[in-house]
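Examining the three-dimensional arrangement
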Amino acid sequence: MSDLINSPETDFEDPDVPAGPLELPLDAWHRVRGGRMVEFAGYWMPVQYEGIIAEHLWTRTSAGLFDVSHMGQLYISGEGVEAALEAALPIDLATLPLGGVRYSLLLDETGGILDDLMVTRWGTGFYLVVNGATKWDDLAHLREILPDAVTINHLDDSALLALQGPKAAKALAPLVTGEQALESLSFMRGAAFKLGGVDAWISRSGYTGEDGFEISIPAESAAAVADLIAGQADVKPIGLGARDSLRLEAGLPLYGHDMTADNEPVEAGLSFGINKRRRSEGGFPGADRMIEALMEGPARRRVGLSIEGRMAAREGAVVLLGENPVGVVTSGGFSPSLERPIAMAYVEAAHAVPGTNLFIDVRGRKLNATIVPMPFVPHRYHRKGAA
Amino acid sequence: MPRYFTKDHEWIEVEGDAATVGITDYAQSQLGDITFVELPQAGASVGKGDSCSVVDSVKAASDVYAPVSGSVTEGNAVLEDQPELVNTAAEAEGWLWRMTLADAGELADLMDEDAYKAYVAEL
């Protein structure tokens, strides 16, 4: 059974990434704490510490500390930066306040998704967080499409941590000082703080469906900050394995799997991030195809599948209506919270309706599956106006 | 009873022409939380190196190969409700299937416990 054990975890490979996995600022920190290191997106990263299910459930009930320093952090500034970014992304920046965070997509000319990303308005420019596996391609793409007056700084001397879970705010608040109280940040808002004396940009956001924070800090302070946060009673370090199972339960797509350059935003279920003004005005790469998909409806849709039994369906498994293939699984696995397998799949639009009973072919076995609304596990974000 | 090991991290314990097969403790520790085990059917005829069982962890599904040729006599039915036994007792109650041996000579290709320990230490 050596196929999994002796092979790297990831299918991401990028010709621009130097050969062999690189070490991130917290490499030694993870190893000392028993993190099992695997290659992911060109880096050594911890896939788990005590076990994926235990770490997953800990994050759902307490607070989990994730190292996501493999992700690309970019600062984009210069004359005309706002108009230039609106021409590059289907994002509405006019309504994005200082410190506001918005989800967006990097699209190619035909509307295919090149990456998904977070955009934050800083004082004089915009802070972007992009996927680790795609960051080199993203940088090249942005350099090509943004005008010369706009400068892209790759903040590769910054680390990125995420603290996620219902006890995240309680654990982090005593450690930070700033012009505003940490608790006053609502979901998708960020601000500058001091965290143990270190300059930190903290936003209330994440990739687990839980309340929580993403914390950008200088790489040289990463270990000290991680020590400080992990030293809180309700906090444990969490690996990439649980990060994946948590985001799957939260219905959040993973780039390279649940969306690729072969998918446009409407079929991927991601057109929510593209508001009325941008839909009507267009003026971004792939606008025509996306607007067409909005008007006419996409041919297929990303859906959630709840699976009977305990056998998981993985990426690539064919979805059947009776005997006929109508889709393909893009992510799947055992849900630790629900204690049954769940999956995301693209299914022909005519059948992509909640309640539809389908089969998934897993190694010749037909598993019973039902389309269900996502998220599989309710989001518990700290939304503005909520208690 | 002699116990042998494969480079693919299966163990096989032999008693006469019957044997019990499982994955090693090292294998379960690498796979992480096991959530489902697909077991072979009794009566199934297997060749050495054939995929006989699939162990599903939270991360991925992994094939388990027959260490030797023979015929499956039973799958470990307890694992249907308690797949986590493979994590907690991989080399004992968490066995996967029992089989008869077609050719005891095939055991000569396998490692003994000391050789397997040395092999794992190199990984």
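Predicted model only: the values in this text are computed from it and were never measured.

1. Overview of helix 4 (residues 113-122) of chain B
Residue and element names in this part refer to chain B. Taken as a whole, helix 4 has its buried residues at Y116, Y119 and V120. Angularly, the buried residues of helix 4 cover 95 degrees about the axis, an arc narrow enough to put them on a single face. Turned more than 90 degrees away from the buried face of helix 4, the exposed residues are D114, K117, A121 and E122. Residues of helix 4 that are buried in the fold lie against strand 1 (3-5) and helix 1 (25-31).

2. A short note on the sheet that holds strand 16 (residues 318-321) of chain A
Residue and element names in this part refer to chain A. Strand order in the closed barrel made by the six strands is 15-18-17-16-19-20, with antiparallel pairing throughout. The average undirected angle you get between the axes of adjacent strands in this sheet is 40 degrees. Bridging between strand 17 (residues 324-335) and strand 18 (residues 340-348) involves eight bridges; their strand directions are antiparallel. Considered in strand 18, the bridge of S331 is made with M344. The strands that helix 8 (residues 240-249) touches are strand 17 and strand 18; relative to strand 17, the one it contacts most, it runs at about 125 degrees.

3. Some points on the pairing of strand 13 (residues 212-218) of chain A
Looking along a regular strand, one sees side chains alternate from face to face of the sheet. All names here are of chain A. Within strand 13, six of the seven residues are buried, which leaves it mostly tucked inside the rest of the structure. Here strand 9 (residues 158-164) pairs with strand 13 via seven bridges, running antiparallel. Note that in strand 13 the partner of S158 across the bridge is P218.

4. Here's the deal with the domain arrangement of chain A
For an interface, size is often stated in terms of accessible area lost upon the parts coming together. Residues and elements named next belong to chain A. Splitting chain A by domain gives domain 1 (2-68 + 157-249) and domain 2 (299-387). Computed over C-alpha atoms, the centres of domain 1 and domain 2 are 27 Å apart. With 17 residues of domain 1 at the interface, the matching set in domain 2 holds 19 residues. In total, about 1,600 Å² of surface goes out of reach between domain 1 and domain 2, with carbon and sulfur atoms giving 58% of it. Considering only the surface of domain 1 that becomes buried against domain 2, F187, L248 and E249 emerge as the three largest contributors, covering 43% of it. Inspection of the domain 1/domain 2 interface yields one salt bridge. At the junction of domain 1 with domain 2, the criterion picks out 12 residue pairs in polar contact (both at pLDDT 80 or more). For the side of domain 1 that touches domain 2, the elements supplying multiple residues, two or more each, are helix 3 (52-61) and helix 8. Here the side of domain 1 that touches domain 2 is composed, by residue class, of six nonpolar, four polar and seven charged.

5. Considerations on the packing of aromatic side chains
Taken as a whole and judged by the stated rule, the model has seven aromatic pairs over all chains. Relative to Y116 of chain B, the ring of F5 of chain B has its centre 4.8 Å away and its plane inclined at 10 degrees; by these criteria the two rings are stacked. Here F5 of chain B, found in strand 1, pairs with Y116 of chain B, found in helix 4; they are 111 residues apart in sequence, far enough to count as distant. Each member of the pair, F5 of chain B as well as Y116 of chain B, is classed as buried. Here the aromatic rings of Y116 of chain B and Y119 of chain B are separated by 6.2 Å at their centres, their planes lie at 40 degrees, and the arrangement is tilted. Pair noted here: Y116 of chain B and Y119 of chain B are both in helix 4, with a separation of three residues, about one helical turn. A single burial state applies to Y116 of chain B and to Y119 of chain B, both of which are buried. Connected via pairs of aromatic rings, a cluster forms that spans Y75, W122, Y127 and W201 of chain A.

What counts, and at which threshold
- Residues numbered from 1 in each chain as written.
- Chains lettered and ligands numbered in written order.
- Predicted model: local features only at pLDDT ≥ 70, side-chain atom pairs only at ≥ 80, totals over all residues.
- Heavy atoms only, no water.
- Buried < 20%, exposed > 50% of the residue type's maximum accessible area, 1.4 Å probe, protein only.
- Helix = DSSP H or I, 4+ residues; strand = E, 2+ residues; numbered from the N terminus.
- Arc of directions from axis to C-beta.
- Contact = heavy atoms within 4.5 Å.
- Pairing = 2+ DSSP bridges.
- Axes fitted to C-alpha atoms, helices over the stretch in contact; angles between N-to-C directions.
- Domains from an automatic or database assignment.
- Buried area = accessible area lost by both parts, 1.4 Å probe.
- Salt bridge = Lys/Arg side-chain N within 4 Å of Asp/Glu carboxyl O.
- Polar contact = N/O pair within 3.5 Å; in protein donor to acceptor, adjacent residues only side chain to side chain.
- Nonpolar A, V, L, I, M, F, W, Y, C, P; charged D, E, K, R; others polar.
- Phe/Tyr/Trp six-rings, centres within 6.5 Å; stacked < 30°, edge-to-face > 60°.

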